[in-house]
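Here is how the chains run, residue by residue.
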Amino acid sequence: MDRAVVLVGGSGTGVRDITGGMPKALLKVVGKSVVERVIDGLLTCGLKDITLVSDQPSLFEDITVKYGDVADIQVIKQVGSGVRDAILSAKDVLSKPTLLIYGDTLVPYEAYRMVVNAYLTYGKPVIMVVPEEDVRLYGAVSIDGEGRVVDFIEKPTTEIDGAYAYGGIAVYDKELIEVLEESSTVDEAFKRYIGRRVFKVAIWSGWWVDIGFPWDLLKATYYILSELRDVRISSKASIASTAVVKGPLIIEDDVEVDHYTVLKGPLYIGRNVTIEPHSLVDNYTSLEEGVYTEAYTELFWSSIQPKVVIGHNSHIYLTVIGSEAVIEGNVITSADMRKNTLINILSSRGVAAISKTLLNYLRRCSSISHKAKISAGSIIKINE
Amino acid sequence: MCGIIGIVLSSSKALSKNLGRVIRECLKNLEYRGYDSVGFAIVSSEGLIIRKSKGKIDEVVSKLSFDEFDGIYGVGHTRWATHGRPSDVNAHPQTDCSGKVAVVHNGIIENYMELRDALISRGHEFRSETDTEVIAHLIEEYKRLGMSSYDAFKKAVTHLRGSYAVAVIDVDDPGKIFFARNTSPLVIGISREAKFLSSDIPAFLDYSRDVIVLNDDELGYISKDAIVIEKLVDKDLRLEFDRVPPKTEFIDYRLRVRHIDWTPEMAKKGGYPHFMLKEIHEQPRAVADTLISISKELDNIVKLLSKADRVLLIGSGTSYHAALVGSLLLNELAYVKSHALISSEVRWFINSIDDDDVVIAISQSGETIDTLLAVRDVRGKGALTIALTNVIDSTLARESHLSIYTRAGPEIGVAATKTYVAQVATLSYLAISLGGYMGTLDSNKASELKSELSLIPEVMSTTISTCEPRARVISGVIGTKHSMYYLGRGLGLPTSMEGALKLKEIAYIHAEAYPAGESKHGPIALVDEGFPVAFTVLGDEAELIVSNVEEMKARGAWTLAVVPKGFEKSVKLFDYIFELRRISYELAPIVYIIPYQLLAYYTAVTLGYDPDKPRNLAKTVTVV
């Protein structure tokens, strides 16, 4: 099996402010877009024949060019809207054994390998599930003692005891595609199929992020940066002699780090980023390409999308900033959250251990829209 | 401990892939037995090719380029260092001076220093620090003295003291792989396309279902056309370098062939990231299969136990925890004098053991050396021995008077899960049956418990899916801690001990279990703000534990509990709870261990460890 279909159409209501209407799959996480991370994972598993399904195929042309030498990528225009229609747009491919991935799902590549392995072992359709306490955001899958799907609810309205979250990765078969054509939604199709044939699950126990809200970008940033082990600084970056750099971190080409700035990894600094003097860039922060921060700014556990400008003396904690936003001076984000609390969350090995109440609180964290202008001296609380 | 493999194809390309690739696949299945170095030897048209390296198979697969090598026969090895640190030169196969003899070995040659000195004085040059290398040079020496390759091999084996399963290629006697076994496991697999030698059956299950389990002191060879098995009649350890071939008896292998009906998928991960998680999910099936098969087999054993003066249950590690559950149930339900002992400690009780005692020896693999030695000791004192094991025809089963088999299927994860619940279910069934038979347990109560037991697999299944998300969340907290207590009373104590062992062995977090009532007599001194304490509450003993929880909370402990639904004090007492279906206290150990297994598993995953391959541990411990 060497084929994969990635659904990259979703713009995502939860992150619409950040994307400004662009597909979520093009959001940047630690230097790469979500879809590039998915493709890299697929290539690692030897899945080189990749089909992207999008309602705006032209937006993915750069990616097909970038991967032209190492993968066979085609982009199909999605006919209709919603997940069912997106899947059926690629039905010719999916009728043969193919890994199907929702393009807003980030997981280590081992998860792809596990699902493929499960399909090859059982010879039956497989969906990946993840043990999550609250399945309302993801879709609820109930399983039996033999690892078979016994029920599926795409949008559960209550918590379901003993259900797993749908992990956004699957292998269909011809019959399941046919059933989907007769059905109006994915869960209707799954329910019908379960009545007729065996449908297996693969249980994923590692990290998994479904990008639905700004908070999920911070989660993904956390997990990906956690895997960083070394210090990689481009020879084309210029770092002032008085700057303090503590890894693990990545600094790309043409970065400029000015005097008396402290960089404390794990963190990522993308191409053409400028950091003015006396700034602090702290743990789990990712500054994407072309970000500009003025003097005396402080950043902690944040995802700063490309071409953002942050004014002097601003304190940006636990925040996602959409691309091309302009933050003036003296702005404070997540102002009602003490940095100590955030450090505690981090040191509790993250994100898995956050209680449900706190999680609901954090879910939106502080987020600043694509191309927003935040005026000087603003104080932004969590969830604003 | 190590894993060995030997393969002879019936013709070139009989398996339609390169022999090197088949060896790699088989070794991958053996990796649970050891994984610090790997190597193989293949005889091809270009002669004997040997490739070996320190590291796990996946790490060195491109360096050794297994898949590129083809031939008709070859051997392979995955190592777990005992003599000589893990290194390229100490990896197997080991060879003689001439480079014609290649040996792979699992076990320990106790007299290797003596053999090595004798061989060095006869001009042999040793390259590695392994005990294994003496085997290659011994064979070479006897060939120099004029013996045939096979006779030289047999003669060499007679000098070995200790444990071994060996497979040997000698290019001077082409087409054959010699083998010998003592103490360390060795099996032969037979199919039309190939013959296999291996440390265990799952290694070649993809290719062969017909197997022969070899016994101690058996040796022989496999080739394209033949399987020869001989038994050494008398072992002569004296090193006189004479040319008299050792005395042996021939064995008709056809009488020993067994068909294995495991499916190969059972030995693979399927839809799980790790064997351990897969095996946790297989627990309901393991218990169901075990209960079905033992219900027909135990009548005789129940009668024997009813006549015993005392029943001792022995085991190591997880099996000891099953022994504790068994002894508590035998005392409670059948009023039998019963105690659990750790296998390696049995010798200190040996004076009081006599022929009125029955000893139930528990070992998943049936190869645990501590348990085997204990069984030999108590047999010597006249006790009746019963093996409780998951591996049919294992050494423990053969050396005990009687055997009870759990039917959990092969367990690959090093941390025992499904075999533990299968052991506990078996012992529960046994205690209930014995209680009913002896009249200490009301016959209605006995049949109630038995019918409840038959529904346990279903309860386990829902318990796994309700506990798994919560375990994943809590693992993030546990992962930050350096030490943890598990407290319980009665049957909750062995459950706590097993929970603590799981956390220790795969998440590398220090964990200790105590009887809850004992915790205030010392252990509580360590408890301060945020110290994690898990409480196991099975049902009947709930009220007794409340004061222990309050003592811990008063010192700032972070409390976690496994409790039955409807224990209304839970919310007030504990920071986190796993609420499980309420079942009879006597049967609760089978189900209430599940959250602890999941917690240990997810903590290991959160911390970035591989739960299937804990450091410093191996599956069958064959080293005293």
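Residues numbered from 1 in each chain as written. Chains lettered and ligands numbered in written order. Predicted model: local features only at pLDDT ≥ 70, side-chain atom pairs only at ≥ 80, totals over all residues.

Trainee: How should I be thinking about the overall build of chain A in this particular structure?
Mentor: Each helix and strand counted, chain A has 11 helices and 32 strands in total. Against the compact-globule benchmark of 21 Å for 384 residues, chain A has a radius of gyration of 21 Å, which places it among compact chains. Dimensions of chain A along its principal axes, counting C-alpha atoms only, are 65 × 45 × 35 Å. Burial analysis of chain A (384 residues in total) assigns 49% to the buried set. Considering only contacts within chain A whose residues lie at least 6 apart along the sequence, 52% involve residues at least 24 apart. (Helix = DSSP H or I, 4+ residues; strand = E, 2+ residues; numbered from the N terminus. Rg over C-alpha atoms; globule rule 2.2 N^0.38 Å. Buried ≥ 20, exposed ≤ 12 C-beta atoms within 10 Å, placed from the backbone. Contact = placed C-beta atoms within 7 Å.)

Trainee: Help me out: how do you make sense of the overall build of chain B in this one?
Mentor: A tally of regular secondary structure across chain B gives 18 helices and 25 strands. Against the 2.2 N^0.38 benchmark of 25 Å for 624 residues, chain B shows a C-alpha radius of gyration of 26 Å, consistent with a compact globule. When the backbone C-alpha atoms are referred to their principal axes, chain B occupies close to 80 × 50 × 45 Å.

Trainee: Looking at this model, I keep getting lost on the nonpolar core. Mind explaining?
Mentor: Buried together is how nonpolar side chains tend to be arranged in soluble globular proteins. If you look at the biggest cluster of nonpolar residues, it comprises 250 residues, and the most contacted ones within it are Val115 and Val141 of chain A. Tallying contributions element by element places helix H13 (residues 443-478) of chain B first for this core, with 12 residues. Sequence-distant contacts of valine 141 of chain A, defined by excluding residues within four places in its chain, comprise Ile127, Val129, Val149, Phe152, Ala163, Tyr164, Tyr166 and Val201 of chain A. With 76 residues, the next largest nonpolar core counts Trp80, Ala102, Tyr142 and Ile222 of chain B among its residues. (Core = buried A, V, L, I, M, F, W, Y, C linked by C-beta atoms within 7 Å.)

Trainee: What is the right way to look at helix H1 (residues 19-30) of chain B in this model?
Mentor: Residues spaced three or four apart along an α-helix face the same direction, because each turn holds 3.6 residues. Residues and elements named next belong to chain B. In this model, H1 (12 residues) spans 17 Å end to end at C-alpha, consistent with the 16 Å of a helix rising 1.5 Å per residue. With 10 of 12 residues buried, H1 lies mostly within the body of the structure. For H1, the set of buried residues is Leu19, Gly20, Val22, Ile23, Arg24, Glu25, Cys26, Leu27, Asn29 and Leu30. Those residues of H1 that are buried are in contact with strand S1 (3-9), strand S2 (37-44), helix H2 (57-64), strand S4 (73-79) and strand S10 (194-198). (Expected span 1.5 Å × (residues − 1).)

Trainee: For this particular structure, what's the right way to read the domain arrangement of chain B?
Mentor: How big an interface is tends to be reported as the loss of accessible area on association of its parts. Residues and elements named next belong to chain B. According to the domain assignment, chain B consists of domain 1 (3-264), domain 2 (269-441) and domain 3 (466-609). Look at where the C-alpha atoms of domain 1 and domain 2 centre, and you get two points 33 Å apart. Tallying the contact residues gives five residues for domain 1 and six residues for domain 2. Residue composition of the side of domain 1 that touches domain 2, grouped by class: five nonpolar, no polar and no charged. (Domains from an automatic or database assignment. Nonpolar A, V, L, I, M, F, W, Y, C, P; charged D, E, K, R; others polar.)

Trainee: I would appreciate a short explanation of the interface of chain B and chain A in the present structure.
Mentor: On the chain A side, the residues contacting the 29 residues of chain B number 30 residues. Breaking the side of chain B that touches chain A down by element, the ones donating at least two residues are helix H6 (275-281), helix H7 (283-294), H13 and helix H18 (594-606) of chain B. Here the side of chain B that touches chain A is composed, by residue class, of 10 nonpolar, 12 polar and seven charged.

Trainee: How should the confidence of the model for chain B be read in this particular structure?
Mentor: Residues shown with low pLDDT carry predicted positions that ought not to be read at fine detail. In the predicted model, chain B carries a mean pLDDT of 90, and the fraction of residues at 70 or more is 96%. Both scores are given for the predicted complex: the pTM is 0.76, the ipTM 0.85. (pLDDT = per-residue confidence, 0-100.)

Trainee: Looking at this model, I keep getting lost on the sheet that holds strand S15 (residues 258-259) of chain B. Mind explaining?
Mentor: By definition, the strands of a sheet pair up through backbone hydrogen bonds, in either a parallel or an antiparallel sense. All names here are of chain B. Spatial ordering of the open sheet is given by S3-S2-S4-S1-S10-S9-S11-S15, a layout of eight strands whose pairing is antiparallel. Of all the strands in the sheet, just strand S3 (47-54) and S15 have a single pairing partner and so form its edges. Alignment of strand S9 (residues 187-190) against S10, held across four bridges, turns out to be antiparallel. Of the residues in S10, the one forming a bridge with glycine 189 is phenylalanine 196. Sheet strands in contact with H1 are S1, S2, S4 and S10, and its direction is about 150° off that of S1. Sitting on the sheet, H2 is in contact with S2, S3 and S4, with an inclination near 140° to S3. (Pairing = 2+ DSSP bridges. Axes fitted to C-alpha atoms, helices over the stretch in contact; angles between N-to-C directions.)

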